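Reading the structure
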Amino acid sequence: MDRRTFSKLVAGTMTAAGIPGANAAEGHPAPSAGRNAASIVPPSGGSDAWEYVILDAVPPDMTQTSGMAAADIDGDGKTEVIVIGTGSMVWYRPSTSEKGIVAHGSFGVGVALEDIDHDGRKEIITGKNVVASGKGQEKWVLYWYKSGANLSDPWTEHVLDGETAGHPHDLVFANLDGDGGRNLVANAMYCDHPGLFAYKIPSDPTGTWKKQMIQSGLSAEGTATGDLDGDGREEIVCGPYWFSAPRAGAFSGQAWTTHALAPDFREMCRATVIDVTGDGRPDVVLVEDEYPDGRLAWFENHLKSDPSHPWVEHPIDAPLNYSHTLQAWHDPGTKQVQVLAGEMNEGGWDAPYNWDARILKYTDRKSTHLNSSH
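An account of the accompanying structure is given in this report. No experiment lies behind these values; they were computed from the predicted model shown.

**Observations regarding the nonpolar core**
Ranked by internal contacts, the top residues of the largest apolar core, which has 18 residues, are Ile82, Met89, Val102, Leu113, Ile124, Tyr145 and Trp155. Those elements that provide at least two residues to this core are strand S2 (64-71), strand S3 (80-93), strand S4 (98-114) and strand S6 (140-146). Setting aside residues up to four positions removed in sequence, Trp155 forms contacts with Ile73, Trp91, Ile101, Val102, Ile124, Tyr145, Lys146 and Ser147.

Written out as structure tokens, the structure is:
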């Protein structure tokens, strides 16, 4: 069992009264005014200092924001940011202050950027509710969007799946069948029949994408992928579960297997996969994301070394208040594991407004002190 602790840095605290909220797609009302639009408590300074920058206080044609992704979309060496929400989807190029509208509509939380047609440019994949609010049950459709020669040119919308089970809250790409290609993983949330699904990109992405059900019935969110068992194919983490493909193949039509990963965690999480211990096996970091008393922990991978106790939980921090952002990476210089968690101002189910939502960064100290429960 690995023995290490994580140091904790409050990278900032902020409120967002008067700024479009980030939770509209989950049915949360906009926060009421009454405090400053934004406030920051910076860290102590030095190399750990963070700068708070408002990219756009009033995104065009958008009443609420719900999700975002960032990448070099057009291959020009500059990072673009895609913001989706109620009313529109907008692209930004922060280095030049350019922006433009990709499409109009009521978009959800999940958004992914991937070169699905192999032309060297990334397309946008996201879900859109095609039933107007208040006029019937939600109907979510998965779309992908292709830019013109320039991002400011009109974008082309393509249907990926017109019959999803529900809100595609999480969208990630992975190599599920070991053939080197990239496959889409999407969950379906806040619906009568929640589930998790995989899609195989056809040679012509405008055609029909092969669809495989991973699970049906679990309202789990927080999706990430990695080769957890060393078989050369990526498995799927979703909430406190992980899923492995049948021997016949990820898209064989045969049932996937559901495994417990974090049995004491609740189903709504954020997840990321990273080798914390340096032993070559991917570990998993989870935070409970839709709760005011959420827990953050990493789970040590013992699938091969101790199959009877495949995951060892190492708590990092608690409580976190609706921590809907989770990222992890290795520092390029020190190689230490860094974990970033961000709290929402307003969670679901009439949660009290969090005026002091935090952005938290944790650094692996590789301590000899025991910091685990098992």
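Read on, since the account is not over.
**Describing the sheet that holds strand S11 (residues 210-216)**
Sheet strands line up and pair through hydrogen bonds in the backbone, either parallel or antiparallel. Ordered in space as S8-S9-S10-S11, the 4 strands form an open sheet in which the pairing is antiparallel. If you trace the sheet from one side to the other, it starts and ends with strand S8 (171-174) and S11, each paired once. Averaged over neighbouring strand pairs, the angle between their axes works out to 25 degrees when direction is ignored. With 6 bridges joining them, strand S9 (residues 183-188) and strand S10 (residues 195-200) adopt antiparallel strand pairing. Across the sheet, the residue bridging to Asn183 is Lys200, located in S10.

**Looking at the sheet that holds S3**
Across the sheet, which stays open at both edges, the 6 strands sit in the order S2-S3-S4-S5-S6-S7 with antiparallel pairing between neighbours. Among the strands making up the open sheet, the edge pair consists of S2 and strand S7 (156-161). Shown here is a sheet whose adjacent strand axes are inclined to one another by a mean of 50 degrees, direction ignored. When strand S5 (residues 123-129) meets S6, the two strands line up antiparallel, connected through 6 bridges. If you follow Thr126 over to S6, its bridge partner there is Tyr143.

**A closer look at the side chain of Gln212**
In this fold, Gln212 is placed in strand S11. For Gln212, a relative accessible area of 5% gives the class buried. At a separation of 3.1 Å, a polar atom in the side chain of Gln212 contacts the main-chain carbonyl oxygen of Gln254. If we ignore the near neighbours within four places in the chain, the residues touching Gln212 are Leu196, Phe197, Ala198, Ala250, Phe251, Ser252, Gly253, Gln254 and Trp256.

**Thoughts on unusual backbone geometry**
Cis geometry is found at the peptide bond from Ala318 to Pro319, where omega equals -5 degrees. With respect to the helices, strands and loops of the structure, Pro319 is situated in strand S19 (residues 311-320). Its identity as a non-glycine residue notwithstanding, Ser97 has a phi of 65 degrees, on the positive side. Of note, Ser97 is situated in the loop between S3 and S4. On the basis of relative accessible area, Ser97 is assigned to the exposed category, the value being 67%. A positive phi angle, near 50 degrees, is found at Tyr322, a position not held by glycine. As for its placement among the helices and strands, Tyr322 is situated in the loop between S19 and strand S20 (323-330).

**Comments concerning the pattern of salt bridges**
Under the definition given, this model contains 23 salt bridges. Here Glu114 ties to Arg182 by a salt bridge, and the two come within 2.9 Å at their closest N and O atoms. Here Arg182 lies in the loop between S8 and S9 and Glu114 lies in strand S4, a separation of 68 residues in the sequence. Among the residues examined, Arg182 registers a relative accessible area of 38% and is labelled partly exposed. In this structure, a network of salt bridges that share partners links the residues Asp74, Asp76, Glu80, Arg93 and Glu98.

**Examining the environment of Arg93**
Relative to the elements of secondary structure, Arg93 occurs in strand S3. Spatially, the C-alpha atom of Arg93 lies 10.0 Å from that of Ala71, the residues being 22 residues apart in sequence. Those residues in contact with Arg93 that lie beyond four places of it in its chain are Asp74, Asp76, Lys78, Thr79, Glu80, Glu98 and Leu151. A polar side-chain atom of Arg93 sits 3.4 Å from a polar atom in the side chain of Asp76.

**Comments concerning the pairing of strand S13 (residues 235-238)**
Side chains on a regular strand alternate between the two faces of the sheet. Alternating positions in S13 separate into two faces, Glu235 and Val237 on one and Ile236 and Cys238 on the other, with burial throughout. Judged from the 4 bridges that link them, strand S12 (residues 223-226) and S13 form a sheet pairing that is antiparallel. Within the sheet, the bridge partner assigned to Thr223 lies in S13 and is Cys238. As paired strands, S13 and strand S14 (residues 241-244) are joined by 3 bridges and run antiparallel to one another. In the sheet register, Val237 faces S14, and the bridge partner there is Trp242. In this antiparallel pair of consecutive strands, S13 and S14, the connection spans 2 residues, and Gly239 shows a positive phi of 60 degrees.

**Things to note about the packing of aromatic side chains**
Tallying each qualifying case throughout the model produces 6 aromatic pairs. Seen in terms of ring centroids, Phe107 and Tyr145 are 6.3 Å apart; in terms of plane orientation they differ by 70 degrees. Their pairing is edge-to-face. Highlighted residues: Phe107 in strand S4 and Tyr145 in strand S6, separated in sequence by 38 residues. In terms of burial, Phe107 and Tyr145 fall into one category: buried. Between the aromatic rings of Tyr241 and Phe243, the centroid separation amounts to 6.4 Å while the plane-to-plane angle is 50 degrees, which identifies the pairing as tilted. Here Tyr241 matches Phe243 in class, with each residue buried. Three or more aromatic residues link up through ring pairs in this structure, and these residues are Phe107, Tyr143 and Tyr145. Positioned over the ring face of Tyr143 is Lys128, at 4.7 Å from the centre of the ring. Above the plane of the ring of Phe265 lies Arg295, whose end atom (NZ or CZ) is 4.7 Å from the centre.

Calculation notes
- Residues numbered from 1 in each chain as written.
- Predicted model: local features only at pLDDT ≥ 70, side-chain atom pairs only at ≥ 80, totals over all residues.
- Heavy atoms only, no water.
- Core = buried A, V, L, I, M, F, W, Y, C linked by side-chain atoms within 4.5 Å.
- Buried < 20%, exposed > 50% of the residue type's maximum accessible area, 1.4 Å probe, protein only.
- Helix = DSSP H or I, 4+ residues; strand = E, 2+ residues; numbered from the N terminus.
- Contact = heavy atoms within 4.5 Å.
- Pairing = 2+ DSSP bridges.
- Axes fitted to C-alpha atoms, helices over the stretch in contact; angles between N-to-C directions.
- Polar contact = N/O pair within 3.5 Å; in protein donor to acceptor, adjacent residues only side chain to side chain.
- Salt bridge = Lys/Arg side-chain N within 4 Å of Asp/Glu carboxyl O.
- Phe/Tyr/Trp six-rings, centres within 6.5 Å; stacked < 30°, edge-to-face > 60°.
- Lys NZ or Arg CZ within 6 Å of the ring centre and 35° of its normal.

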